[in-house]
Amino acid sequence: MSVLIVGSTALDSIKTPKAENPRLLGGSASHAAVAASFFSPVKLVGVVGDDFPKKYLELYRRHGIDLEGLQIKAGKTFHWSGEYEVNMNNRRTLLTELGVFETFTPVLPAAHQRTPFVLLANIAPALQHHVLDQSRGAKFVVADTMDLWLNIAFNDLVKLLKRIDGFVLNDSEAHQLTKEDNVFAALKKIHKLGPKYVIIKKGSHGSILSGPRGFFLCPAYPLHKVVDPTGAGDSFVGGMMGYLATARGSIDDNLRRAMIHGSVTASFCCEGFGLNRTTKLKRADIDRRVKELEKLTRF
Ligand code: AMP
């Protein structure tokens with residue numbers, strides 16, 4: 001089965017204490033789509049401008065990503081720029097140039113409307129609603145978000161939570177949404193807003209799933225060097241959805257293993273700028289790290 005991924009497709013200019021890289025391929029949907037492509041067929045829905053480098057379209061194609069739903073509009077591609085502090089955890093947005101993203105309306109081609117696995121990667125909740133309005137009989141819908149939408153589109157986001165199966169957010173967003181400092185108390189409150197599955201990401205400390213079978217503590221792969229964590233969260237959820245789309249059995253049977261595969265895919269993302277490392281991966285590289293992680297956490 002395939003995964004439909006809707007989100008931002010961007011050019012990212014990223015600054016770390018060690019280096020600076022302008023106009024890399026980025027955006028929530030780009031990271032998630034490449035990550036998912038190691039496991040299942042992917043359909044990407046997004047928008048880019050006519051300045052979008054052809055080599056990036058080629059890169060999507062090399063990963064077998066279906067681009068029928070990618071709109072190419074006259075104007076500039078969404079450009080985001082961020083800077084990391086020395087610890088590589090704190091990030092500051094330097095610039096957001098919306099370009100063609102400002103008037104983006106996601107349109108699902110007829111062939112995309114019945115995709116069983118739907119990932120609403122980080123975009124405005126109103127657009128995430130619009131995707132669900134066009135989707136028919138999805139088997140599993142997961143949404144991601146960011147602090148911006150909690151600040152400026154809170155009501156839309158809360159309404160969205162009633163329409164999805166799984167919600168993925170990071171620990172500071174969970175605190176912002178629920179006002180709870182304790183992550184388990186926050187999980188309980190988020191379930192009450194709708195989603196059956198809630199995953200709280202904790203960066204290099206892994207993530208926590210809460211669902212019908214209880215909690216699962218998913219580790220992050222131990223990295224000795226982080227080059228650029230941009231898109232790690234998107235790679236995590238993209239890898240997880242890709243794995244789920246091809247795994248046999250129920251969501252409950254597969255979700256933990258899917259999170260581990262997402263976590264490992266995200267670890268590779270952190271080892272290069274933008275998508276530089278992820279796009280050089282083979283499925284066997286991911287499977288090797290999954291085995292290592294299994295050994296590290298068995299007791
Ligand atoms: P993450 O590191 O997982 O938070 O995701 C970083 C990605 O989010 C970058 O590739 C950006 O292009 C993208 N991004 C930044 N701001 C926005 C926004 N307002 N809406 C959608 N995507 C964004």
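Criteria and thresholds
Residues numbered from 1 in each chain as written. Predicted model: local features only at pLDDT ≥ 70, side-chain atom pairs only at ≥ 80, totals over all residues. Heavy atoms only, no water. Core = buried A, V, L, I, M, F, W, Y, C linked by side-chain atoms within 4.5 Å. Buried < 20%, exposed > 50% of the residue type's maximum accessible area, 1.4 Å probe, protein only. Contact = heavy atoms within 4.5 Å. Helix = DSSP H or I, 4+ residues; strand = E, 2+ residues; numbered from the N terminus. Pairing = 2+ DSSP bridges. Salt bridge = Lys/Arg side-chain N within 4 Å of Asp/Glu carboxyl O. 1 Å grid on protein atoms, 1.4 Å probe; cavity = no way out; pocket = protein on both sides within 12 Å on 5 of 7 lines; lining within 4 Å. Points joined across faces, edges and corners; volume = space filled by probe spheres on them. Nonpolar A, V, L, I, M, F, W, Y, C, P; charged D, E, K, R; others polar. Near = heavy atom within 4 Å. Polar contact = N/O pair within 3.5 Å; in protein donor to acceptor, adjacent residues only side chain to side chain. Areas by Shrake-Rupley, 256 points an atom, 1.4 Å probe, with all protein chains shown as cover. Axes fitted to C-alpha atoms, helices over the stretch in contact; angles between N-to-C directions.

Looking at the nonpolar core
Turning to step 1, where the next piece is worked out: If you look at the biggest cluster of nonpolar residues, it comprises 56 residues, and the most contacted ones within it are Ile5, Tyr60, Leu119, Met240 and Met241.
Turning to step 2, where the next piece is worked out: Those residues in contact with Met240, other than ones at most four positions away along the chain, are Val142, Ile199, Leu255, Ala258, Met259 and Gly262.
Turning to step 3, where the next piece is worked out: Counting residues in hydrophobic clusters, the runner-up holds 44 residues, among them Val158, Leu161, Leu169 and Ala174.

Some details on the pairing of strand E10 (residues 166–170)
Turning to step 1, where the next piece is worked out: Where burial is concerned, most of E10 is hidden: four out of the five residues are buried.
Turning to step 2, where the next piece is worked out: Two strands pair when backbone bridges link them, and strand E9 (residues 140–144) and E10 are joined in this way by three bridges, in the parallel orientation. Of the residues in E10, the one forming a bridge with Asp144 is Val168.
Turning to step 3, where the next piece is worked out: Examined bridge by bridge, E10 and strand E11 (residues 197–201) share five bridges and lie parallel to one another. Looking at E11, one finds that Phe167 is bridged to Val198.

Considering the pattern of salt bridges
If the charged atoms of two oppositely charged side chains come close together, the side chains can form a pair.
Turning to step 1, where the next piece is worked out: Tallying each qualifying case throughout the model produces 11 salt bridges.
Turning to step 2, where the next piece is worked out: The partner of Asp253 in a salt bridge is Arg213, and the shortest N-O contact between them spans 2.9 Å. Of the two residues, Asp253 is situated in helix H9 (residues 251–269) and Arg213 in the loop between strand E12 (207–211) and strand E13 (214–218); the sequence distance between them amounts to 40 residues.
Turning to step 3, where the next piece is worked out: You can call Arg213 exposed: its relative accessible area is 51%.
Turning to step 4, where the next piece is worked out: Each of Glu271, Arg277 and Arg289 takes part in a single network of salt bridges with overlapping partners.

Here's the deal with empty space enclosed by the protein
Turning to step 1, where the next piece is worked out: If you walk through the whole model with that rule in mind, you get two cavities of 30 Å³ or more.
Turning to step 2, where the next piece is worked out: What the largest cavity holds in volume is close to 70 Å³.
Turning to step 3, where the next piece is worked out: Every residue lining the largest cavity is listed: Tyr197, Leu209, Gly211, Pro212, Arg213, Gly214, Asp252, Leu255 and Arg256.
Turning to step 4, where the next piece is worked out: The element that contributes the greatest number of residues to the lining of the largest cavity is H9, accounting for three residues.
Turning to step 5, where the next piece is worked out: When the residues that make up the lining of the largest cavity are grouped by side-chain class, the tally is four nonpolar, two polar and three charged.

Points about the side chain of His31
Turning to step 1, where the next piece is worked out: Following the sequence through the fold, His31 ends up in helix H1 (residues 28–36).
Turning to step 2, where the next piece is worked out: Residue His31 is classed as buried on the basis of its relative accessible area, which comes to 1%.
Turning to step 3, where the next piece is worked out: With residues up to four places along the chain from it excluded, the contact list for His31 reads Leu25, Gly26, Thr230, Gly231, Asp234, Ser235, Cys269, Gly274 and Leu275.

Considerations on the site of the ligand
Turning to step 1, where the next piece is worked out: In the vicinity of the ligand lie 18 residues, with Ser8, Asp12, Gly27, Arg91 and Gly231 positioned nearest.
Turning to step 2, where the next piece is worked out: Gly231 is positioned such that a nitrogen or oxygen atom in its backbone is 2.7 Å from an oxygen atom of the ligand.
Turning to step 3, where the next piece is worked out: Within the contact set of the ligand, an oxygen atom lies 2.9 Å away from a side-chain nitrogen or oxygen of Asp234.
Turning to step 4, where the next piece is worked out: Across the complex, the protein chains shield 88% of the 510 Å² of accessible surface that the ligand would expose by itself.
Turning to step 5, where the next piece is worked out: Counted by class, the shell around the ligand contains seven nonpolar, eight polar and three charged residues.

Considering the sheet that holds E11
Turning to step 1, where the next piece is worked out: Strand order in this open sheet of nine strands is E5-E4-E1-E8-E9-E10-E11-E12-E13, and the pairing throughout is mixed. At either margin of the open sheet sits one strand with a lone partner, and together these are strand E5 (66–73) and E13. Along the sheet, successive strands turn relative to each other by an average axial angle of 15 degrees, direction set aside.
Turning to step 2, where the next piece is worked out: Pairing analysis gives four bridges linking strand E8 (residues 117–120) to E9, with the strands arranged parallel. Looking at the pairing, Leu119 lines up with Val142 of E9.
Turning to step 3, where the next piece is worked out: Most of the contacts of helix H2 (residues 54–62) go to E5, to which it runs at about 165 degrees, and overall it touches strand E4 (42–49) and E5.

Concerning the environment of Pro212
Turning to step 1, where the next piece is worked out: With respect to the helices, strands and loops of the structure, Pro212 is situated in the loop between E12 and E13.
Turning to step 2, where the next piece is worked out: Taking the relative accessible area as the measure of exposure, Pro212 reaches 48% and is therefore partly exposed.
Turning to step 3, where the next piece is worked out: It is 24 Å that separates the C-alpha atoms of Pro212 and Ser235, two residues lying 23 residues apart in sequence.
Turning to step 4, where the next piece is worked out: With sequence-adjacent residues up to four places away left out, Pro212 is seen in contact with Lys196, Tyr197 and Asp252.

What to know about the sheet that holds strand E7 (residues 91–97)
Turning to step 1, where the next piece is worked out: In space, the four strands of this open sheet follow the order E3-E2-E6-E7, with mixed pairing throughout. Each of the sheet's edge strands pairs with one partner strand only, and the pair in question is strand E3 (20–26) and E7. Neighbour-to-neighbour, the strand axes of the sheet open up by a mean angle of 20 degrees, direction not taken into account.
Turning to step 2, where the next piece is worked out: Across five bridges, strand E2 (residues 10–15) lies against E3 in antiparallel orientation. When the bridges of E3 are listed, Lys15 appears paired with Glu20.

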